[in-house]
Amino acid sequence: MIESGKRTPTPTVLRMLAERLGCTPEYLAEGVEPEQRAHLEVRERHAHLALLGGDAAAAERGFAEVIARSDDAELTARARWGRARALAETDRLEEAIALFEDLREQAERDPGRASRLPFVIALARCYHAVGDLGQAVSLGERALDRLRALDLTVGEEYSEAGRVLLLTYVDRSDPARAHALARELLAAREAEGDVPLSVAYQRASLRALEEGAIGDSLYFADQALTVRSAGTPEHVRARLHLAAAKALLRGVPALSATSDAAQEALDLLDGTDGLGEAEVAEATIERSRALVLLGRADEAIAPLEDFLQTGLALAAPESEDGLRAAPLPDEDLAGRLQKTAQARLVLARARLARNDRTAALVVLRAARGRLADLPPGRPAAHILRELGELLEQAGEVTEAADAYRRALEAAGLRPARPMTTSCDLGRV
């Protein structure tokens, strides 16, 4: 009757049967020995440590093993969350999105057990990375609306949702919304003053509990316990400052009334200690961009030349301006190509601001020579569009038109068929 599901054994009956069968009551009830369960718990924690330590591939393997062998719902859920993050870290974004979407749907079906907020933020980040900007905006705005409803304007969730949304607005060429959001995010952080992060999380947990949102309440209570003695991680604040600075610097004309935005960005970039190596490079480029917009081109040139002459950038072709670098390993080649191109474009902008057209053209042509290696997509389109703008500013109209054409192609806009002229277009 027990095996057919018609009767549920009491703990006493389980113990008696286990003694007769020579196994544990846990094995009879769940099919897993306590030692096996403990081993999987340890494996999940080691996978999490590997993820935090930067070894996402090893973390993904560890989480996958736990998912395959565990029958504990809570442990499996933690492992699936960890595996989705590891997949995103290793650029297996489509797989990560599928797993995050599944986790979000599960949280929405059972809001009393889990919060959907971390999954929404992770999905916004992944959709931005794959170029689905509409989904990224929708999810990012949904996450920020939820955090505002809980009066939580500090912490990693608020910073990350705001950062992704800022970068998405920039990529959508929507500087007005990017500027407004950047100022809103920074003003909200200042308004919190010296309130400890653990207290802010605890308040959010209590507000969620009052609403009956048990999953959100549990999530923020756990966050409060986690940061009780740690405070806000410096890198979280630094990443938000970098994203806000990038947003403020888009669509700002040089030496105009809106150069106040460039000064704000420069001030924000002074607070970006704690960034990783790749983001330090971005901060260097954006700081130089701000200096050019403020009319301080001389100060912008030296950091850019130093950057291009280090291993953070890629070597220029043999015949170009002599800005050389030691080659780096092939990993993240596209990302390093983008940063090198962006650095050269800002350097060219600085030299044009000094009326040094010849030097600017040398740098622009060095940048153009490497852009053919960039994969098509919005990042390449943005860089090629800026290249066209600078070539046009330097008086090279034909080269500028070619850069604009390549920008359209990188964005996915190509002619349906080859076009040939059949008349004198000048006379037409």
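Everything here concerns the structure above.
What you see is a predicted model; the values in this text were computed from it and never measured. One numbering rule holds for all chains: residues counted from 1, following each sequence as written. Selection of residues for local features in this predicted model requires a pLDDT of at least 70, selection of side-chain atom pairs for listing and counting requires 80 or more, and totals for whole chains, interfaces and linings are taken over all residues. Hydrogens are left out, water is left out, and the side-chain values use all remaining heavy atoms of the structure.

**Some points on the overall build of the protein chain**
The helix count covers DSSP runs of H or I at least four residues long, the strand count covers runs of E at least two residues long, and both are numbered beginning at the N terminus. Counting secondary structure elements, the protein chain contains 20 helices and zero strands. Partly exposed describes any residue whose relative accessible area lies between the buried limit of under 20% and the exposed limit of over 50%, with all areas from a 1.4 Å probe on protein chains only and scaled to the type maximum. Within the protein chain, the fraction of its 428 residues that count as buried is 44%. In the protein chain, the share of contacts with a sequence separation of at least 24, taken over all contacts with a separation of at least 6, comes to 60%. For the accessible areas, the method is Shrake-Rupley and the probe is 1.4 Å, while residue cover comes only from the protein chains on display. Put simply, the protein chain shows about 22,100 Å² of open surface, and 51% of that area lies on carbon and sulfur atoms. When checking whether two residues touch, look at their non-hydrogen atoms; a contact exists if any pair is within 4.5 Å.

**Observations regarding the pattern of salt bridges**
We count a salt bridge whenever a side-chain nitrogen from Lys or Arg sits within 4 Å of a carboxyl oxygen from Asp or Glu. Inspection of every chain in the model, using the stated rule, returns 41 salt bridges. One salt bridge in this structure joins Glu279 and Arg239, with 2.8 Å as the shortest N-O distance. Taken together, the residues span a long stretch of sequence, with Glu279 in helix H15 (residues 277–293) and Arg239 in helix H13 (residues 234–248) at a distance of 40 residues. For Glu279, a relative accessible area of 17% translates into the label buried.

**Examining a nonpolar patch on the surface**
Taken together, the side chains of Leu206, Leu209, Ile214 and Leu218 define a hydrophobic patch exposed on the protein surface, amounting to about 340 Å² of accessible area. For the nonpolar patch, the secondary structure elements donating two or more residues are helix H11 (197–211) and helix H12 (214–226). Relative to the assigned elements, Leu218 resides in helix H12. Given a relative accessible area of 44%, Leu218 falls into the partly exposed group. Residues enter a patch when their relative accessible area is above 30% and they make no salt bridge; the linking distance is 9 Å between like charges and 5 Å between nonpolar side chains (Val, Leu, Ile, Met, Phe, Trp, Tyr).

**Comments concerning the nonpolar core**
The definition of a nonpolar core used throughout is a set of buried Ala, Val, Leu, Ile, Met, Phe, Trp, Tyr and Cys residues joined through side-chain atoms within 4.5 Å. Phe100, Leu144, Leu152, Leu166, Phe220, Leu364 and Leu387 are the most contacted members of the largest nonpolar core, which totals 107 residues. Both domains that meet at this core, namely domain 1 (110–249) and domain 2 (336–411), each give it at least three residues. Grouped together as the second largest cluster of nonpolar side chains are eleven residues, Ala50, Ala56, Val66 and Ala86 included. The split into domains, and so the bounds of each, comes from an automatic or database assignment of domains.

**Some details on the environment of Ser288**
With respect to the helices and strands, the residue Ser288 is situated in helix H15. The spatial distance from the C-alpha of Ser288 to the C-alpha of Ala300 is 4.5 Å, given a sequence separation of twelve residues. Setting aside its immediate chain neighbours within four residues, Ser288 contacts Ala300, Pro303, Leu304 and Val346.

**Focus on the packing of helix H7 (residues 117–130) against helix H8 (residues 133–149)**
Angular values range over 0 to 180 degrees, each being the angle between N-to-C directions of two axes fitted as lines to C-alpha atoms, with helices fitted over their stretch in contact. Across the interface, H7 lies against H8 with an axial gap of 8 Å and an inter-helix angle of 150°. On the basis of the axis angle, H7 is roughly antiparallel to H8. Relative to H8, H7 is oriented so that their crossing is left-handed. Of H8, the residues touching H7 (which contributes Leu117, Val120, Ile121, Leu123, Ala124, Tyr127 and His128) are Leu133, Gln135, Ala136, Leu139, Gly140, Ala143, Arg146 and Leu147. Of the residues assigned to the contact of H7 with H8, the class counts are eleven nonpolar, three polar and one charged. Roughly parallel covers angles under 35 degrees, roughly antiparallel covers those over 145, roughly perpendicular covers 65 to 115, and oblique covers all other angles. Two helices crossing with the near one rotated counterclockwise from the far one by less than a right angle form a left-handed crossing, whereas a clockwise rotation gives a right-handed crossing. Ten residues, namely Ala, Val, Leu, Ile, Met, Phe, Trp, Tyr, Cys and Pro, are considered nonpolar, four, namely Asp, Glu, Lys and Arg, are considered charged, and the remaining ones, Gly among them, are considered polar.

**Focus on the environment of Glu44**
When you line up the elements, Glu44 lands in helix H3 (residues 34–52). Separated by 32 residues in sequence, Glu44 and Thr76 have C-alpha atoms that sit 9.2 Å apart.

**Section: unusual backbone geometry**
Even without being a glycine, Asp151 presents a positive backbone phi close to 55°. Position of Asp151 among the secondary structure elements: in the loop between H8 and helix H9 (155–171). Residues other than glycine seldom take positive phi values, yet Asn355 does so here, at roughly 60°.

**Considering the packing of aromatic side chains**
A ring pair, where both rings are aromatic, is described by two values, the distance of the centres and the angle of the planes. Think of it this way: a Phe, Tyr or Trp ring, Trp meaning its six-membered ring, pairs with another when their centres are within 6.5 Å, and the plane angle makes it stacked under 30 degrees, edge-to-face over 60, tilted otherwise. Taken as a whole and judged by the stated rule, the model has four aromatic pairs. Considering the side-chain rings of Trp81 and Phe100, the 5.7 Å spacing of their centres and the 65° angle between planes classify their relative orientation as edge-to-face. Taken as a pair, Trp81 in helix H5 (residues 73–89) and Phe100 in helix H6 (residues 93–109) lie far apart in primary sequence, 19 residues in all. Under the relative-accessibility criterion, Phe100 is labelled buried at 1%. Arranged with centres 5.2 Å apart and planes meeting at 75°, the rings of Trp81 and Phe119 form a pair that is edge-to-face. Residue Trp81 is located in helix H5, and its partner Phe119 is located in helix H7; the two are separated by 38 residues in the primary sequence. Looking at Phe119, the relative accessible area reads 9%, which means it is buried. The rings of Trp81, Phe100 and Phe119 are connected pair by pair, giving a single aromatic cluster.

**Topic: the packing of H11 against H12**
Where H11 contacts H12, the axes come no closer than 8 Å and their chain directions differ by 165°. In terms of orientation, H11 lies roughly antiparallel with respect to H12. Crossing angle aside, the handedness with which H11 passes H12 is left-handed. Together, Ser198, Tyr201, Gln202, Ala204, Ser205, Ala208 and Leu209 of H11 and Ile214, Asp216, Ser217, Phe220, Ala221, Gln223 and Ala224 of H12 make up the contact between the two elements. For the contact of H11 with H12, the class distribution of residues is eight nonpolar, five polar and one charged.

Structural measurements only, silent on function.
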